[in-house]
Amino acid sequence: MSHIAHKLGLDVSPRFAGVSLSAPDASTAWLVALQIAVGEYRAPGLTPQAGWRVVDVGANIGVFSLWAERLGAEVSAFEPEPRTFASLVANVAGRRISPKQAALVGQPVPAVRLYLSEVDSTRHTVLGKEIESGEPLRDFVDVPAVTLADVVGSGCDLLKLDCEGTEFEALVRADDETLRRAQRIILEFHRFAGSPEVIVDRLEAAGMTVNLLEATESVGLIGASASNGATEIRSSRSEVGA
């Protein structure tokens, strides 16, 4: 019913997994709820399962985390932007989800500058440029920082990355042992930050099986899993170099 109300222009927050979603703005709540509802992260072998430890980097307001928890996983959720993090905390209260305020970086530093998008609150980035237009961003906030080794810790069953361009530096600088401690990875890549082949090659070098799940002119989705076999790259919608 809340989706119908939104289409009619009524000011109603979407509900997901029994939660009336808190968000910095209404468009963010609907955008991230619909991304998960339509199955953007639902891929064979990469869908959260009961008993898994899931790490959600770039958790935003927590919809992916809520979905994973509803499927039986225990989740660590990382979100850097203060207002969005406050919504994340509110949305996951009482669930098997641990929210942590931090941005992903490639090298250990205590804090990093997060640049704030004027277009969409899902597009804040540490790279200092708008993720599609490349226009410089001026407003920023300093936030705590974590590396891939920090978030993976002793290991996880699924690592989800949606960190607006930082995925390249974080993955390239991570050592093989860190990458292999993540049994499965599903990540969104942004072409303005680099070529997806860089990520594919890095994960392949760590001995993972890699699948290109989706690709457009600006963004795409890559899945990977720990494996001793050869790397397989396939796309369901377009080629890596599209």
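A quick note: this is a predicted structure, and the numbers were derived from the prediction, not measured.

How each quantity is defined
- Within each chain, residue numbers correspond to sequence positions counted from 1 in written order.
- Totals for whole chains, interfaces and linings use all residues, but because this is a predicted model, local features are given only for residues with pLDDT of at least 70 and pairs of side-chain atoms are given and counted only at 80 or more.
- Only hydrogens and water are set aside; all other atoms, that is, all heavy atoms of the structure, feed into the side-chain values.
- The numbering of helices and of strands both runs from the N terminus, where a helix is a DSSP run of H or I of at least 4 residues and a strand a run of E of at least 2.
- Throughout, exposure labels follow a simple rule: accessible area from a 1.4 Å probe, protein chains only, divided by the maximum for the residue type, with under 20% read as buried, over 50% as exposed, and the rest as partly exposed.
- Salt bridge, as used here: a side-chain nitrogen of Lys or Arg that lies within 4 Å of a carboxyl oxygen of Asp or Glu.

1. Examining unusual backbone geometry
Its identity is not glycine, yet A17 carries a phi of approximately 50°, on the positive side. Mapped onto the elements, A17 comes out in the loop between β1 (15–16) and β2 (19–20). Judged by its relative accessible area of 17%, A17 is buried.

2. Examining the pattern of salt bridges
All told, the structure shown has eight salt bridges when counted by the stated rule. R123 is the salt-bridge partner of E130, the closest N and O atoms lying 2.7 Å from each other. For the pair E130 and R123, one class covers both residues: buried. Between E169 and R173 there is a salt bridge, and its shortest N-O distance comes to 3.2 Å. Taken as a pair, E169 and R173 lie in helix α6 (residues 167–173) at a separation of four residues, close to a single helical turn. Judged by its relative accessible area of 35%, E169 is partly exposed. Classification of R173 as partly exposed rests on a relative accessible area of 49%.

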